[in-house]
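Structure assessment
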Amino acid sequence: MKLYYLGPLGTFSHMAALKYKPDEINEYIPKSNLYEVVKAIEADPQNIAIAPIENSIEGTINIIADSLTEQKIHVIDELHLDISFSLYVQKGVKLEDIKEVVSIAPAINQTSKFIKNHNFAYRYSDSTVQSLDEIDAHTGAIAPIGLEKSNDDVEALHEHIEDYPHNTTRFLILSAEEKHVEKATDSILLITPDQDKPGLLASILNTFALFNINLSWIESRPLKTQLGMYHFFVQADCSAEDIEMKKVITILKTLDFNVKVLGNFDKRIT
């Protein structure tokens, strides 16, 4: 099976890809951006993709959340990856020589305290790994920890520079085809209101609470049709096939919500 991911080699997406069922994956195919990752499985429905959906510091990755609403893709699994960053410099360069750092926006955001404490200017690159190519005598790169082992020209001046020690990114495994699961542990729903009215979110949450169903993820995204209208994502700690969940979906539909099951899977976090 092929697995599409956000490249190049060495990115956190690549690390996550290597962790996911290595005995079943025989080819890893990098893509240059997350949009291409999603489009790849639409064109190649026999294979799967991995993409980040949520970081414990930064929150939801909006481009993937929006893809779940706009593209015909299904969530078939998830994986958690611990995220740690290093500051990379040219060999021999000292911290006081660095005036600027380079990385992707999420990495800059997740290390903002370190950047601010050292008064670094910053700019963005296409990937954390590619930022290593922009290192010079006064420019450092913020990238995944451990890359100095495969890059002889750089050294890690500081390690574990993320703002918070328990930095984790949740990745979704995506497929163009829905996969039947006998005993799912989790389900992801997209809930869309028919119209804007008071108490929309409360009515959704109260319905789940009525049946004692725990929600591990709640997120809203604009409908993009008019200001103030939103989709709601929820991830429930039960199968969409459970009797209680079916009752929840029925009630939400009677309350004029459109409910779509985006994923139903057996979560075994590694």
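Residues numbered from 1 in each chain as written. Predicted model: local features only at pLDDT ≥ 70, side-chain atom pairs only at ≥ 80, totals over all residues. Heavy atoms only, no water.

**Topic: the UniProt feature "domain: Prephenate dehydratase" (unreviewed entry) in the protein**
Using the following cut-off: UniProt positions are given in the numbering used here, feature names are shortened, and annotations may be inferred rather than shown by experiment. Every helix listed is a DSSP run of H or I at least four residues long, and every strand listed is a run of E at least two residues long, numbered separately from the N terminus.
Following the UniProt record, one finds the feature "domain: Prephenate dehydratase" (unreviewed entry) at residues 2-176. As annotated, residues 2-176 comprises 22% helix and 36% strand, and the C-alpha atoms at either end are separated by 13 Å.

**Remarks on the UniProt feature "domain: ACT" (unreviewed entry) in the protein**
As annotated by UniProt and renumbered to match this structure, "domain: ACT" (unreviewed entry) occupies residues 189-264. Annotated as residues 189-264, this span is 30% helix and 37% strand, and its ends, taken at the C-alpha atoms, are 9 Å apart.

**A look at the nonpolar core**
Heads up, the rule is: Residues enter a nonpolar core if they are buried and are Ala, Val, Leu, Ile, Met, Phe, Trp, Tyr or Cys, with the set joined through side-chain atoms within 4.5 Å. Burial classes: relative accessible area under 20% of the type maximum marks a residue as buried, over 50% as exposed, and values in between as partly exposed (1.4 Å probe, protein chains only).
Among the nonpolar cores identified, the biggest contains 28 residues, and I50, L87, V101 and I142 are the most heavily contacted of them. Mapped onto this core, the elements with two or more residues apiece are β1 (2-6), α1 (12-19), β3 (48-55), β5 (74-82), β6 (85-90), α4 (105-110), α5 (112-117) and β11 (168-175). Judged by nonpolar contacts, the second largest core, of 24 residues, contains A49, A51, I73 and W217.

**Section: helix α7 (residues 243-254)**
This is how the line gets drawn: Any helix carries an expected span of 1.5 Å times its number of residues minus one. The criterion used for residue contact is that any of the two residues' heavy atoms lie within 4.5 Å.
If you check α7, its first and last C-alpha atoms are 17 Å apart, about what twelve residues at 1.5 Å a residue would give, namely 16 Å. Its buried side turned inward, α7 meets β12 (186-193), α6 (200-210), β14 (230-236) and β15 (257-265). Downstream of α7 by one or two residues, D256 has phi in the positive range, about 70 degrees.

**Considerations on the pairing of β3**
What counts is decided by this rule: Strand pairing follows a simple DSSP-based rule, namely that at least 2 bridges must link the two strands.
Counting buried positions over the eight residues of β3 gives seven, a clear majority of the element. Here β1 runs beside β3; their pairing, made up of two bridges, is parallel. In the strand pairing of β3, L3 is matched with I48. Alignment of β3 against β11, held across seven bridges, turns out to be antiparallel. The partner of A51 across the bridge, within β11, is L172. Where β3 lies against strand β4 (residues 59-60), two bridges are found, and the strand directions are antiparallel. The residue bridging E54 from the neighbouring strand is T60, located in β4.

**Regarding the pairing of β1**
Basically, it comes down to this: Note on handedness: a clockwise path from strand one over the helix to strand two, with the strands aimed away from the viewer, defines a right-handed crossover.
Alignment of β1 against strand β2 (residues 27-31), held across five bridges, turns out to be parallel. Each bridged residue has a counterpart across the sheet, and for Y4 the counterpart in β2 is I29. For the crossover from β1 across α1 to β2, the handedness is right-handed.

**Topic: the confidence of the model for the protein**
For the record, the criterion: Each residue carries a pLDDT score, the predictor's own confidence in it, on a scale running from 0 to 100.
Of the residues in the protein, 99% reach a pLDDT of 70 or more, and the chain-wide mean stands at 92. The lowest-confidence element of the protein is helix α3 (residues 62-70), averaging 86 in pLDDT; the highest-confidence one is strand β7 (residues 100-103), averaging 97.

**A closer look at the environment of L262**
As for its placement among the helices and strands, L262 is situated in strand β15. Put simply, L262 and I76 are 186 residues apart on the chain and 8.9 Å apart in space, counted from C-alpha to C-alpha. Residues within four places of L262 in sequence aside, it is in contact with L68, I73, H74, V75, I188, L189, L190 and F233.

**Some details on the packing of aromatic side chains**
Quick note on the threshold: Pairing of aromatic side chains requires ring centres within 6.5 Å, counting the rings of Phe and Tyr and the six-membered ring of Trp. Pairs whose planes differ by under 30 degrees are stacked, by over 60 edge-to-face, and all others tilted. Here, a charge over a ring is recorded when the distance from Lys NZ or Arg CZ to the ring centre is within 6 Å and its angle to the ring normal is within 35 degrees.
According to the stated counting rule, one finds four aromatic pairs in the structure shown. Aromatic side chains F12 and F85 sit 5.2 Å apart centroid to centroid with 90 degrees between the ring planes, which places their arrangement in the edge-to-face category. Of the two residues, F12 sits in helix α1 while F85 sits in strand β6, which places them 73 residues apart along the sequence. Relative accessible area serves as the criterion here: at 12%, F12 is assigned to the buried category. Residue classification places F85 among the buried residues on the basis of a relative accessible area of 2%. With a centroid separation of 5.9 Å and 55 degrees between ring planes, the pair formed by Y122 and Y124 is classed as tilted. Given the relative accessible area of 45%, Y122 is considered partly exposed. Note on Y124: relative accessible area 48%, which makes it partly exposed. One residue, R170, lies across the ring of W217, its end atom 4.9 Å from the ring centre.

**Notes on the sheet that holds β6**
What counts, and what does not: The axes used here are C-alpha line fits, helices contributing only the stretch in contact, and every angle between their N-to-C directions lies in the interval 0 to 180 degrees.
With mixed pairing, five strands are arranged side by side in an open sheet as β8-β7-β9-β6-β10. Every interior strand has two partners, whereas the edge strands, β8 (121-124) and β10 (154-159), have only one. Each strand of the sheet is rotated relative to its neighbour by a mean of 35 degrees, with strand direction disregarded.

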